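Given next are the chains, with one letter for each unit.
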Amino acid sequence: MDARGVKGITIAIVVAVLVMPFIYHKHLKCNMSAIVNQVCSEYKAGIVSGSLCSDLCEQNSIHLGKCLSTVTDKKIYDGDWKGMQVIVKVNMSWFEEFEKRKNITDNHAVASFEKELQSRVSTLFGDCPRCGELALLLATLGDGNSDGVVIGSEARTFISLLQFIEPTMLMILNDSKHTVDFYGYCGGLYALEKVPKVVSKEFGAHWEPVDISFLSYGDPFQEMLNEFLGGVRNAVIFAMQYCCAVLNDALNLTRYHIFATLFQMLSPSKREKFELAYSMLDATLEISNNPYGLVRQCDGHLGNFGITNNASVKIIDLDLTYPHVFLKTLLEQKKCVSDEECWAGNSEGCFSLCNTSSGFCTPTTVVQGVHIICEVLFPIIFRGPNILEPQGHNTTFLTKAISKLGLFCSKLPVVNSIEDLRREILAVKRRLKTIEIRSSKKC
């Protein structure tokens, strides 16, 4: 074999060694079809149940689409259900949870069903005045085939599902205008509303015009590609803004349709940014304005917010969205020697202080949702201007005003009632409205 052949084999081996782990990892993240087959086999054997089992396993009216999973232990796909675009999810830990309950007899599972529901509700919301109503609501949802009688397989399936915070909170907040609709479940799989846009892709630091995830080896390069294209986008916008500012009307490229369309696609308008900001504040208030108690997002980054066709914000990921009572319990049960150990969910979203005398974290968080939105997310949303804004538009004023708004929010106290939360968010919205009005007049 000549040197060229040896070189070719060497390159092939190196490529195989580098690419194969990613292909295998992709397979582990994107094997939802196998999971569906497993769940449907158990459904047909009478082992699991759920309101969507007939659609998924008998009528075949749920069709999986693109794999959206980012980790192996939680499968996420988009899909179609009776003409609606949906998101299908399953936390793989559900199977372990369900396995623990397989040995429980039908009689015991049914007899303990209501007690387990009440216990779960109490864990989440404490002894709230309307917690009894919530337990009844969940009991209705636990009747998978809606025949008015809960049997062993339904009890085991549903109680296992309630051990996971996202499907639980989606069912509890299903009447909310600002959470995605929960359509139902089969075993550990559940289907949700799919919103047309994700905030991080429209207003965030990353731009994703090209998706190579359909390639088995695409994942390791997707983030690098998005970073590169995002850098190109920012450079283009900066260059055009600079040129237009220097040459003023002599080089107003936005008069040309192709450039106007391009810039509109690359950068949201100021009006869109303010609409998003108001709606995010509304979402923060509305998820707590439920009959059972305050709710906190503990990973409130832009990727967890979606935008509907009518420009309303919906929370699309509730894995780390906790009732206030439950969050306090999580924190005060954590042992610590320093403040860095006292957090739940995302360390920047829900953190408290360490009581070094007791060796446990304090139950009250240092910040809450309105602080994260104001101080962290708003500066990202209002980071750069849109070149389509009127010439001479004073973007410096807007940047400084949003920064001052963040300072104002940082001084807001952490509150424990819906009335106080409403008062704080109203104060922030009023200041935001003032900024909007003044920024439109600045030249």
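Treat the numbers as computed from the prediction; the structure is a model and nothing was measured.

Visitor: So what's going on with the overall build of the protein chain? Residues and values would help.
Guide: For the protein chain, the helix and strand inventory stands at 17 helices and 14 strands. Considering the protein chain as a whole, with its 443 residues, one finds that 47% of them fall into the buried category. Relative to all contacts within the protein chain whose residues are 6 or more apart in sequence, the contacts with residues 24 or more apart total 66%. Here the protein chain displays about 22,400 Å² of accessible surface, and carbon together with sulfur accounts for 58% of that area.

Visitor: For unusual backbone geometry, give the residues involved together with the corresponding values.
Guide: What you tend to see is this: most non-glycine residues have negative phi, and most peptide bonds are trans. One non-glycine residue, Lys 82, lies in the positive phi region at around 55°. Positionally, Lys 82 belongs in the loop between β2 (74-81) and β3 (84-91). Relative accessible area serves as the criterion here: at 55%, Lys 82 is assigned to the exposed category. Here the phi dihedral of Ser 146 falls at roughly 55°; this positive angle occurs in a residue that is not glycine. Classification of Ser 146 as exposed rests on a relative accessible area of 63%.

Visitor: Summarise the sheet that holds strand β5 (residues 189-193); cite the residues concerned and give the values.
Guide: Taken in spatial order, the 5 strands of this open sheet run β1-β2-β3-β5-β4, and their pairing is antiparallel. The open sheet has two edge strands, β1 (62-67) and β4 (182-186), and neither has a second partner. On average, adjacent strands in this sheet sit at an angle of 30° to one another, irrespective of strand direction. Bridging between β1 and β2 involves 4 bridges; their strand directions are antiparallel. Bridge pairing in β2 places Ile 62 opposite Trp 81.

Visitor: Summarise the pattern of salt bridges; cite the residues concerned and give the values.
Guide: Inspection of the entire model under this criterion finds 19 salt bridges. Residue Glu 97 pairs with Arg 101 through a salt bridge whose shortest N-O separation is 2.7 Å. Of the two residues, Glu 97 and Arg 101 both sit in helix α4 (residues 93-101), 4 residues apart, roughly one turn of that helix. Relative accessible area serves as the criterion here: at 16%, Glu 97 is assigned to the buried category. Glu 193 is paired through a salt bridge with Lys 314; the nearest N and O atoms lie 2.8 Å apart. In this pair, Glu 193 sits in strand β5 while Lys 314 sits in strand β9 (residues 313-315), placing the two residues 121 residues apart along the sequence. A single salt-bridge network, built from bridges that share partners, covers Lys 74, Lys 89, Glu 166 and Asp 319.

Visitor: Talk me through the state of the cysteines; I want residue IDs and the actual numbers.
Guide: Enumeration over the complete set of coordinates arrives at 8 disulfides. For Cys 336, the disulfide goes to Cys 354, at an S-S distance of 2.1 Å. Between Cys 336 and Cys 354, the S-S torsion sits near 90°, and that sign places the bridge as right-handed. Here Cys 336 is found in the loop between α14 (324-332) and β11 (343-344), whereas its partner Cys 354 is found in strand β13 (residues 354-355), with 18 residues between them in sequence. Taken individually, Cys 336 and Cys 354 each receive the classification buried, so the pair is uniform in this respect.

Visitor: Explain the sheet that holds strand β6 (residues 197-198) to me, using residue names and the numbers behind them.
Guide: Reading across the sheet, the 3 strands line up as β6-β8-β9 and stay open at both edges, with antiparallel pairing between neighbours. Two strands lie at the open edges of the sheet, namely β6 and β9, each paired on one side alone. When β6 meets strand β8 (residues 305-307), the two strands line up antiparallel, connected through 2 bridges. For Lys 197, the partnering residue across the bridge sits in β8 and is Ile 307. Packed on one face of the sheet, helix α13 (residues 270-288) meets β8 and β9 and runs near 40° to β9.

Visitor: Hey, could you go over the nonpolar core for me, with residue numbers and the actual values?
Guide: If you look at the biggest cluster of nonpolar residues, it comprises 105 residues, and the most contacted ones within it are Phe 125, Leu 189, Met 280, Phe 378 and Leu 432. Among the elements that line this core, the one with the most residues is α13, at 9 residues.

Scoring rules and cut-offs
- Residues numbered from 1 in each chain as written.
- Predicted model: local features only at pLDDT ≥ 70, side-chain atom pairs only at ≥ 80, totals over all residues.
- Heavy atoms only, no water.
- Helix = DSSP H or I, 4+ residues; strand = E, 2+ residues; numbered from the N terminus.
- Buried < 20%, exposed > 50% of the residue type's maximum accessible area, 1.4 Å probe, protein only.
- Contact = heavy atoms within 4.5 Å.
- Areas by Shrake-Rupley, 256 points an atom, 1.4 Å probe, with all protein chains shown as cover.
- Pairing = 2+ DSSP bridges.
- Axes fitted to C-alpha atoms, helices over the stretch in contact; angles between N-to-C directions.
- Salt bridge = Lys/Arg side-chain N within 4 Å of Asp/Glu carboxyl O.
- Disulfide = S-S within 2.5 Å.
- Core = buried A, V, L, I, M, F, W, Y, C linked by side-chain atoms within 4.5 Å.

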